[in-house]
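So you can see what is in the structure, the chains are spelled out below.
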Amino acid sequence: MLHSQGLFHVQEYDPQSYNNFRQNWAIEQDSSGYLYFGNSAGLIQFNGAQWRSIHLPSQEIVRSLHFNDSRMYVGGNMDFGYLVPDSLNQFQFQSLRNHVDSLSRDFSHVWHVLSNRESIFFSTYEGVFVQNKEDSITAIQSRDEFGYLFKVDGQLIVTVREEGLAWLKGIQTIHIPGSDIFADDPPYVALPLNGEILFVSRKQGFVRFDGKSFKPFNTDVKDYVNQHQIYRGIYINDSEIALATLTGGIVIINTTGEWMHTINEEYGLPTDIIYNLYLDSEQLLWAATDNGLAKIHVNDPVTRYDDRNGLGGIPLFIEEMDSRTYIGTTEGLFRATDNHRLKQVSEIQGRVYAAISLQNRLLISADTGTFAISNDSVAQIHLETFPELAVSKNGQDEVYGIHQQTIYRINIMGNHAESKSLAAIDSHIFDIYADSRDVWAAAAGRKVFRISLSDSTVQTYDVELDENLELKQIGYAANQIRLATDDGLFVFNREAERFEKDSTFADPEMVTEQVFRFEQCSENEIWFRNDRRMKKAILKNNRWEMIEDPYRGIARDEAVEVIHCHSDGSIWFGGSQALYHLSDPEWTYEHDFNTNITGLLVHNDLLVYGGYGTPKTNPRFSFSENELRFTYAAASYINPEANTYRTRLRGYEDDWSSWTNETQKDYTFIPEGTYTFEVQGRNIYNRTGTTDTFTFTVLPPWYRTVWAWIGYVVVMGLMIYTGYRVRIRSILREQRIRDDIARDLHDELSSTLSSIHFFASAIEDRNLSRDKAARFLSLISKSSNEAKEKISDIVWVIHSGNDNWENLLFRCKRFASDVLEARNITQKFVIKGYVPGKTDLRIRKNIWLIFREMITNIARHSGASEVETKVAFTDNAVIMSVSDNGKGFIPPKADENGHGLQNIADRTEQLKGSFSLKTAPGKGTLWEITIPV
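Keep in mind the model is a prediction, meaning the values are calculated, not measured.

Q: Just checking my understanding: could you explain the packing of aromatic side chains for this structure?
A: Note on aromatic pairs: each is described by the distance of the centres and the angle between the planes. Applying the stated rule across the entire model yields 66 aromatic pairs. Summarising the aromatic geometry, the rings of Y305 and W572 are spaced 5.7 Å apart at their centres and angled 20 degrees between planes, so their arrangement reads as stacked. Here W572 lies in strand β55 (residues 571–575) and Y305 lies in strand β29 (residues 302–305), a separation of 267 residues in the sequence. Among the residues examined, Y305 registers a relative accessible area of 0% and is labelled buried. A relative accessible area of 0% means that W572 is categorised as buried. Each ring, one from Y721 and one from Y724, has its centre 6.5 Å from the other, and the planes form 35 degrees; the classification is tilted. Of this pair, Y721 and Y724 both sit in helix α4 (residues 706–763), three residues apart, which is roughly one turn of the helix. Site record: aromatic cluster; members linked through ring pairs are Y609, F621, F630, Y632, Y645, Y652, Y667, Y675, F677, F694 and F696. Over the ring of W167 we find K169; its NZ or CZ atom is 5.5 Å from the centre of that ring. The ring of Y667 is capped by K665, whose NZ or CZ atom sits 5.7 Å from the centre of that ring.

Now the structure itself:
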């Protein structure tokens, strides 16, 4: 049996915790690890992080629960059934009442639900209802009232009023001979016991049944159980049974009947009225009470002492004498008794500072002086108080103590002690240790003093710590002097004569975090209080291995003033809130547990997954719903508040997150794709639970859907086709321009070059006179210049560097100036409006040729003295007008030959523009063209 001393840890859950009625009747756990509680107002679920009420149609009392074959069965008042997931994977109640024959529906409370391989059994006073796999219900009735239903070693037993007990075989009841003793005293407990069945009733008490006869089972708890009305009973481990009573709390006995513990309201239960007990998958005992719920760590090797079992004050030391354990606290000296309580030693009052165990006595220093205890006798041996005591390791039991910054050697002579100063220390001393040669003192100011026992010389060592840090303990461990400080563990280097950081134990926290206490239990085992956690160092293969996880619950978030290695192999820890006893230092946590995704919400309020089972299909979320919250919990109930979690979203995150105590994870703006959310839980003992997963898909926004991409392809195709058409048109237009240029070259140059050829041929005639030859040479020269100008014009037009309006207008102005000045004609060139940038080749060519035609005609035929050119740009056109004050002329009729006018008209028409000519004899001439741009 693990627990020899102290109280189990009890955690109470009051009605405000689970937000429901105070009375609870049943407890059960499913395969996911969720806990269910039958309450007077319905059904409650606890997943380790949240409490949740499960809606039942009647919302009435739930008396019984039973989990079998992945299904949670519920027994209530006038109804029974099971839980099934709805469309959101939340539980809903599926009633079986309608499957009961109408003549058998008049029943009240369903007190028990049990199962065998074939059927589920619902027990009421009016009968037992049997459900087979097809949900059909058969009623087993009796002429007498049924009572409770038990299952022992696979066999079902039912109580029958006025008859006793009966085996339940199929749908038949078979009376158990000799059970008439329970005719008016039905048992409330039936458990297997060493090949027999143990029944417990309120009158007969404890009775054994060996299959043939009933015999009393002797136990010293009988009277207590009879007095407080037995109600339920279960095994809590292989050798112990917990019994629930209606007025006396919980009683624990072993299989021989020995009374081991009583857990009641004084102990820490919310009430002594216990309706049911349940042992969960981590061997925690849950109690359904009349005033909430309680969780009891009955199988945890760590028990505790506090004010409930007699402890007063904060423990400062623990020592043994005559097989008894003494605890000194800030409020007195206490002794552990055999009934899990502490008894104060009345002879020693006030604060008890220190104690050391000598060969036949216990030396104790208290506020009222120094005392010795031997054979339960307490004697004061010195009037002074020594806040710290130490005994030398030289085999002579020399004792040393501190009093007012002085270290004294204490000589004990019978019931009297004398003290003599060994050395005065100019600092407040925190702790001392004595070996065979020296006394070591850890003092304020980060100093260690070493006092020689042979000559009382004092040597001082400064420890390299920050100003705000201090020393905690000095002692001997792992064959060296070691020093616990606020900045880790130090070791004394005898060769260098200094204290150095200690990396012996291969734990970074031992070097960087506070080491408050240490205690060596054996050559291979040392205990440390490091970073507010208990750690055990084990020497294996000449290397120290640190073990921490099994001890994480000991004095959690408390200061530990003392560690004591007991002679029975157990370990005691004096915390600032309680005294802790570890009965099995080799204990490890060996249970598996699940991590469960308990919900998925969209926009933090719309539930889409309730946490039970797996959705039939992977959910698909639109991009606008891309704001998800996962909730989760670990089904480890040792200390749910200490559970931590890590998550990752496969497809989005490669690595696990850091461990945190957050029980939810939010994601927003996840790119479209299919993802799997994963979560792992870790409990207080650093044990990792299973990994739960949830796969879902985020759909792309409408502009990234398949249809959108098809649309993009279509639009892109249309754009490419349009560009292709535009390019083709551009190519065709360029082709037409090339054709026009070729035609211009042919029209403009062909006749000129032909004339040159003709004139050259004429010159070759030997009979040609000199005057005619000179004339032909003059004509060749003139024609050559004209050809040059025409070629120059065409080259200028097609050159890419001249593709803007400014260059075109500048060339026009310069041409007009050159031509008109040769005729003594003055000109004005006026530009109005915003001059745009580039112009295309076709417009540039035709405007240039039109303007040249106009100026050439004016220079040759008008006889004008003044010419004015105006170019005006509007939003969608360019207007060019050229006027002169010359003699004018009569415009030719449409059917008359006017090559110049026709060329201008043709070129204007090619540009989809308009052309006008205003002239009359003696009135001058006005040329005007409008070209859309």
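More follows now that the structure is in view.
Q: Mind showing me how you'd approach the sheet that holds strand β36 (residues 369–374) here?
A: Note: strands within a sheet are paired through backbone hydrogen bonds, in either parallel or antiparallel orientation. One open sheet accounts for four strands, arranged β34-β35-β36-β37; its pairing is antiparallel. Edge positions in the open sheet fall to β34 (352–357) and β37 (377–382), since each of these has one partner strand only. Across this sheet, the average inter-strand angle for adjacent strands is 25 degrees, counted without regard to direction. Sheet analysis places strand β35 (residues 362–366) next to β36, joined by five bridges and oriented antiparallel. Of the residues in β36, the one forming a bridge with I364 is F371.

Q: Is there a simple way to think about the sheet that holds strand β43 (residues 438–443) in this case?
A: Taking strand neighbours across the sheet as the criterion, the four strands line up as β42-β43-β44-β45 in an open arrangement whose pairing is antiparallel. In this open sheet, the two strands that pair with only one neighbour each are β42 (429–434) and β45 (458–462). If you compare each strand with its neighbour and ignore which way they point, the axes differ by 20 degrees on average. Pairing of β43 with strand β44 (residues 447–452) involves six bridges; the strand directions are antiparallel. Looking across to β44, one finds that A443 is bridged to K447.

Q: Would you take a moment to explain the state of the cysteines for this structure?
A: Two cysteines whose sulfur atoms are joined by a covalent bond form what is called a disulfide. Applying the stated criterion across every chain yields a total of one disulfide. With a sulfur-sulfur separation of 1.7 Å, C521 is cross-linked through a disulfide to C565. Sign of the S-S torsion, about -70 degrees for the bond between C521 and C565, identifies this disulfide as left-handed. Residue C521 is located in strand β50 (residues 515–522), and its partner C565 is located in strand β54 (residues 560–565); the two are separated by 44 residues in the primary sequence. For C565, a relative accessible area of 18% translates into the label buried.

Q: I tried to follow helix α6 (residues 805–821) on my own but got confused; where do I start?
A: The periodicity of an α-helix, 3.6 residues per turn, causes residues three or four positions apart to be oriented the same way. Its 17 residues place the ends of α6 24 Å apart at the C-alpha level, agreeing with the 24 Å of an ideal helix rising 1.5 Å per residue. Listed in full, the buried residues belonging to α6 are W805, L808, L809, R811, C812, F815, A816 and L820. For α6, the arc enclosing every buried residue in end-on projection is 160 degrees, short of the 170-degree limit, so these residues lie on one face. Residues of α6 that are exposed and point more than 90 degrees away from the buried face comprise E806, F810, D818 and E821. In this structure N804 caps α6, since a side-chain oxygen of it lies 3.2 Å from the backbone nitrogen of E806.

Definitions and cut-offs
- Residues numbered from 1 in each chain as written.
- Predicted model: local features only at pLDDT ≥ 70, side-chain atom pairs only at ≥ 80, totals over all residues.
- Heavy atoms only, no water.
- Phe/Tyr/Trp six-rings, centres within 6.5 Å; stacked < 30°, edge-to-face > 60°.
- Helix = DSSP H or I, 4+ residues; strand = E, 2+ residues; numbered from the N terminus.
- Buried < 20%, exposed > 50% of the residue type's maximum accessible area, 1.4 Å probe, protein only.
- Lys NZ or Arg CZ within 6 Å of the ring centre and 35° of its normal.
- Pairing = 2+ DSSP bridges.
- Axes fitted to C-alpha atoms, helices over the stretch in contact; angles between N-to-C directions.
- Disulfide = S-S within 2.5 Å.
- Expected span 1.5 Å × (residues − 1).
- Arc of directions from axis to C-beta.
- Polar contact = N/O pair within 3.5 Å; in protein donor to acceptor, adjacent residues only side chain to side chain.

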